[in-house]
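For reference, the chains in residue letters:
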Amino acid sequence: MIEFKNVEKKYPNGTAALQNVNLKIGQGEFVAVIGLSGAGKSTLIRCINRMHDITSGQLMVDNVDVTGLKGKQIRNFRRRIGMIFQSFNLVTRTTVIKNVLVSFVPDLPFWRKVTGIFTKEHKLKALEALDKVGILDKAFVRVDQLSGGQQQRVALARTLAQNPDIILADEPIASLDPVTSKQVMDDFKKINKDMNISVIMNIHHVEVALEYADRIIGIRKGEVVFDGESDKVTKHILNDIYGGQVEELKSSMEEKSAHV
Ligand SMILES: Nc1ncnc2c1ncn2[C@@H]1O[C@H](COP(=O)(O)OP(=O)(O)OP(=O)(O)O)[C@@H](O)[C@H]1O
C-alpha cells in the first residue's frame with residue numbers, strides 16, 4: 001500500500017509542484033496519472049521512490065515512512081520499486097541480456113561486480129524476464145538493433161528481473177507509435193494482472209489511460225482533482241483535469257467510437 005498524507009512538494013526555486021495530496025494505492029492496482037504538462041505527474045511518481053523528496057506531509061509504502069529512509073535503506077527500498085522511463089535508459093552498444101543482468105549488480109559480491117561475471121541462476125532469471133515480455137529470441141542481440149518498442153520491453157524485463165512489488169512508469173509510451181504502444185501497454189497489463197505488481201503510470205494519452213488503467217488520478221496545478229475508476233471518467237471530469245482543453249480530444253474520441 002502506498003499512502004500520501006497531505007503531501008506537499010516545493011522545488012528549491014519555489015515552484016509548488018504538489019499540494020495537499022492524499023492518496024491510497026493498494027497492492028496490485030493499475031493507476032494512470034493524467035494531467036496537463038507541468039501539472040505535477042512526474043513529481044508525484046518520483047516522490048514514491050525518493051527520486052524527489054517531499055517538502056511536507058508523509059509518504060508511506062507498506063507502513064514504512066519513506067521520508068525517514070537513509071543511505072543503504074533507500075537503496076534496499078528502491079530494489080522493490082522498478083522505474084521505467086520514456087527514454088528506456090539502456091546501454092545500447094551491448095546485448096539485451098547484459099542490460100537485464102545489470103539489475104543484479106547491487107546483489108553481487110565485489111569480485112563479481114569487478115569481473116562482470118554473473119551466475120547461471122542470474123542468467124536464467126534474466127532470460128525468464130525476457131520471456132515474460134516476449135523477447136527471449138532477442139537476448140543476444142545488441143540493443144541498438146532493436147525497435148523502440150522492443151527496447152522498452154528490455155527495460156521492462158530489466159525491471160522485472162529485480163522482482164519488484166511496484167513499477168513506476170514515467171511516460172513509457174511517449175516515443176512509441178500507436179501499434180507498438182499497444183504492445184507495451186499489453187505487457188504492463190499482463191505483468192500487473194499475472195504478477196500482482198502495482199503499476200503507477202504517468203501518461204499523456206488519455207484514451208490509452210482509460211483503456212488500460214483501473215483507476216485514474218487527475219492532477220491539476222499540483223492538486224488531485226479526480227481520483228476514481230477509469231469507467232467513471234466523463235467528459236466533464238476530463239475538462240476539469242485539463243482545464244477545459246479537451247473538447248476537441250473528447251469529440252474526436254466519440255467520433256472514432258461511433259465508426260467502430
Ligand atoms: N527540478 C525541478 N526544479 C524546479 N521546478 C521543477 C523541477 N521539476 C519540475 N519542476 C516544476 O514542477 C512542476 C511540475 O512538474 P512535473 O515535471 O512534475 O510535471 P508533469 O505533469 O510531469 O509535466 P510533463 O507532462 O510535462 O512531464 C512544473 O511547474 C515544473 O516546471
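See the structure shown above.
As the structure is a computational prediction, the values presented were derived from the model and not from experiment.

### Let's talk about the overall build of the protein chain
When helices and strands are counted, the protein chain shows 10 helices and 10 strands. Considering the protein chain as a whole, with its 260 residues, one finds that 37% of them fall into the buried category.

### Points about the nonpolar core
Grouped together as the largest cluster of nonpolar side chains are 68 residues, with contacts concentrated most on Val-31, Ala-32, Val-33, Val-100, Ala-157, Val-199 and Ile-200. Element by element, the count of residues in this core is highest for helix α6 (residues 148-161), at 6 residues. Shared between two domains, this core takes at least three residues from each, and those domains are domain 1 (1-80 + 166-260) and domain 2 (89-163). Apart from the residues within four sequence positions on either side, Val-33 is in contact with Lys-41, Leu-44, Ile-45, Ile-200, Met-201, Asn-202, Ile-217 and Ile-219.

### Digging into the site of the ligand
What surrounds the ligand is a group of 13 residues, the closest being Tyr-11, Ser-37, Lys-41, Ser-42 and Thr-43. Class assignment for the residues of the shell around the ligand results in 3 nonpolar, 9 polar and 1 charged.

### Quick look at the sheet that holds strand β2 (residues 16-25)
Read across the sheet, 4 strands follow the order β2-β1-β4-β5 without closing on themselves; strand pairing throughout is antiparallel. With partners counted over all chains shown, the strands left at the sheet margins are β2 and β5 (64-65), one partner each. Two elements, strand β1 (residues 2-10) and β2, share 6 bridges in a ladder whose sense is antiparallel. Within β2, the position partnered with Val-7 by the bridge is Val-21.

### Examining helix α5 (residues 120-132)
For α5, with 13 residues, the first-to-last C-alpha span of 18 Å sits near the 18 Å given by 1.5 Å per residue. Those residues of α5 that sit buried are Lys-125, Ala-126, Ala-129 and Leu-130. Angularly, the buried residues of α5 cover 140° about the axis, an arc narrow enough to put them on a single face. In α5, those exposed residues whose orientation departs by more than 90 degrees from the buried face are Lys-120, Glu-121 and Leu-124. Packing partners of the buried residues in α5 comprise α3 (96-101) and α6. Once α5 ends, the next one or two residues include Gly-134, with phi positive near 70°.

Thresholds, definitions, all that
Every residue gets a number counted from 1 within its own chain, in the order that chain's sequence is written. pLDDT decides what is reported in this predicted model: residues at 70 or higher carry local features, side-chain atom pairs at 80 or more are listed and counted, and totals for whole chains, interfaces and linings draw on all residues regardless. What counts as a helix is a DSSP run of H or I of at least four residues, what counts as a strand is a run of E of at least two, and both are numbered from the N terminus. Partly exposed residues are those whose C-beta has more than 12 but fewer than 20 other C-beta atoms within 10 Å; with 20 or more the residue is buried, with 12 or fewer it is exposed, and the C-beta atoms are placed from the backbone. By convention the nonpolar core is taken to be a set of buried residues drawn from Ala, Val, Leu, Ile, Met, Phe, Trp, Tyr and Cys and joined through C-beta atoms within 7 Å. Note that domain bounds follow an automatic or database assignment of domains. Note on contacts: each residue gets a C-beta atom placed from the backbone, and two residues are in contact if those atoms are within 7 Å. The criterion for a residue being near a molecule or strand is a backbone-placed C-beta atom within 6 Å of that molecule or strand. Polar here means any residue outside two lists: the nonpolar Ala, Val, Leu, Ile, Met, Phe, Trp, Tyr, Cys and Pro, and the charged Asp, Glu, Lys and Arg; Gly therefore counts as polar. A pair of strands counts as paired when DSSP detects no fewer than two bridges linking them. Take the residue count of a helix, subtract one, and multiply by 1.5 Å to get its expected span. This arc is taken over the directions from the axis of the helix to the C-beta atoms.

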